[in-house]
Amino acid sequence: MIDPVILQQGSDWRAQAEVFDEIFFVFLALGTLVGTIVVAYTLWNVYKYRDDGNRSDEEFDAPVVGELPTGQGGPKAKKLFLSFGLSAIVVISLVVYAYGLLLYVEQGPDTGAEGDIEIMVEGYQYGWAYEYPNGHTERGELIVPADQRVDLNITSRDVWHNFGSSDLRIKSDAIPGDYSETWFAVSSEDVEAQGGEATYRVECFELCGPGHSQMKGQITVLPQDEWEQWYNSTGNSSESASIQAPGAGLAAPSGVSA
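- In the annotation of an unreviewed UniProt entry, the protein is listed under the name Cytochrome C oxidase subunit II and assigned to Halorubrum californiense DSM 19288.
- Quoted verbatim from the Subcellular location (unreviewed entry) field of UniProt, the annotation for the protein is "Membrane".

Printed below as a string of structure tokens:
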């Protein structure tokens, strides 16, 4: 089993996107390798045992329906059980490998309470509202720091929604009267690669009404110092409002049906 601690040494956490990309490429590479071997071996046998008209029926060891081709412990039995053994090793190894990584994705990196940011997310027809620990709220745009785990506590005010970002590989239900949790992290290297401010599109992945296709938002990731400066400037401004229990949350923007 892969120990999740291995994936979170110091500040070098593995973002969900990185983990899923690794799983994809490992399965792709191994699948390509195994597929190439199987196809090549099949074609070689097709050529080797082709009917060229020079083999008599007595030399042909035909398989018997309902019996394994054991060959009385000969080469056929060795090939059969070697194939079973190798297949079992490959499959079990992949299951253990993927399960260890998925446990890390589910639990997230253990950063300690000091390093975590918990943000409330409320979906409504048709948009997203975010509440920060200091009570400040944003609509449409979630602003977070780089190199830090961000925990999202997600709910809905009206109907079923689904909060997600394909680029960050996160996706979680927003259900009225209930709360779901997910997390993500973006490295400062990714932020620098996008010019000092990384942006990721947020969408609703649950058909929630006629405005579903327009229910979009944005996650903006800033360097740690810039985010702290922005966050400290928000304070408990008059524009802040708490996201309370579903049905008593933030009011929808003017002109938008809630």
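## With respect to the overall build of the protein
Then, in step 1: Helix and strand content of the protein: four helices and 12 strands.
Then, in step 2: A burial count over the protein gives 37% of its 258 residues as buried.
Then, in step 3: Once local pairs closer than 6 in sequence are excluded, the contacts in the protein between residues at least 24 apart make up 69%.
Then, in step 4: Only carbon and sulfur atoms are counted for the fraction: they give 57% of the accessible area of the protein, which is about 15300 Å².

## Examining the sheet that holds strand β12 (residues 216-222)
Then, in step 1: Strand order in the open sheet made by the five strands is β6-β12-β11-β8-β9, with mixed pairing throughout. The sheet is open, and its two borders are formed by β6 (141-145) and β9 (170-174), each paired with just one other strand. This sheet shows a mean twist of 20° between the axes of neighbouring strands, independent of strand direction.
Then, in step 2: Pairing of strand β11 (residues 198-204) with β12, which is carried by six bridges, proceeds in the antiparallel orientation. In the sheet register, Y200 faces β12, and the bridge partner there is I219.
Then, in step 3: Along the sheet, helix α4 (residues 224-234) makes contact with β6 and β12, crossing β6 at roughly 125°.

## Considerations on the state of the cysteines
Then, in step 1: Overall, the coordinates contain zero disulfides when judged by the stated rule.
Then, in step 2: With no disulfide of its own, C204 lies 3.9 Å from the sulfur of C208, the closest cysteine sulfur.
Then, in step 3: Here C208 falls in the buried class, since its relative accessible area comes to 6%.

## Structural notes on the UniProt feature "transmembrane region" (unreviewed entry) in the protein
Then, in step 1: Under the local residue numbering, the UniProt record ascribes the feature "transmembrane region" (unreviewed entry) to residues 23-47 and 80-105.
Then, in step 2: Segment residues 23-47 splits into 100% helix and 0% strand. End C-alpha atoms: 36 Å apart.
Then, in step 3: Taken end to end, residues 80-105 is 100% helix and 0% strand, and its first and last C-alpha atoms sit 38 Å apart.

## Observations concerning the packing of aromatic side chains
Then, in step 1: All told, the structure shown has nine aromatic pairs when counted by the stated rule.
Then, in step 2: Arranged with centres 5.0 Å apart and planes meeting at 85°, the rings of W128 and F163 form a pair that is edge-to-face. Of this pair, W128 sits in strand β4 (residues 127-131) while F163 sits in strand β8 (residues 161-165), and the two are 35 residues apart along the sequence.
Then, in step 3: On the accessibility criterion, W128 (1% relative accessible area) is buried.
Then, in step 4: With relative accessibility at 0%, the residue F163 sits in the buried group.
Then, in step 5: Between W227 and Y231, the aromatic rings sit 4.7 Å apart at their centres with planes inclined by 10°, giving stacked as the arrangement. With W227 and Y231 both in helix α4 and four residues apart, the pair spans about one turn of that helix. Comparing W227 with Y231 shows no difference in burial state: the two are buried.
Then, in step 6: Grouping aromatic residues by their ring pairs yields a cluster made of Y132, W227, W230 and Y231.

## What about the pattern of salt bridges?
Then, in step 1: Counted under the stated rule, the structure contains four salt bridges.
Then, in step 2: Here R169 and D21 are joined by a salt bridge, their closest N and O atoms 2.8 Å apart. With a gap of 148 residues between them, R169 in the loop between β8 and β9 and D21 in helix α1 (residues 16-48) connect regions that are remote in the sequence.
Then, in step 3: Exposure remark for R169: the relative accessible area of 34% places this residue in the partly exposed category.
Then, in step 4: One salt bridge in this structure joins R157 and E122, with 3.2 Å as the shortest N-O distance. With R157 in the loop between β7 (150-156) and β8 and E122 in strand β3 (residues 117-124), the pair connects residues that are 35 residues apart, well separated along the chain.
Then, in step 5: Using a relative accessible area of 13% as the deciding quantity, one classes R157 as buried.

## Observations concerning the pairing of β12
Then, in step 1: With five of seven residues buried, β12 is to be regarded as a mostly interior element.
Then, in step 2: Bridge count between β6 and β12: five bridges; the pairing is parallel. Among the inter-strand pairings, V144 is bridged to a residue of β12, identified as V221.

What counts, and at which threshold
Residues numbered from 1 in each chain as written. Predicted model: local features only at pLDDT ≥ 70, side-chain atom pairs only at ≥ 80, totals over all residues. Heavy atoms only, no water. UniProt positions renumbered as here; feature names shortened; annotations may be inferred. Helix = DSSP H or I, 4+ residues; strand = E, 2+ residues; numbered from the N terminus. Buried < 20%, exposed > 50% of the residue type's maximum accessible area, 1.4 Å probe, protein only. Contact = heavy atoms within 4.5 Å. Areas by Shrake-Rupley, 256 points an atom, 1.4 Å probe, with all protein chains shown as cover. Pairing = 2+ DSSP bridges. Axes fitted to C-alpha atoms, helices over the stretch in contact; angles between N-to-C directions. Disulfide = S-S within 2.5 Å. Phe/Tyr/Trp six-rings, centres within 6.5 Å; stacked < 30°, edge-to-face > 60°. Salt bridge = Lys/Arg side-chain N within 4 Å of Asp/Glu carboxyl O.

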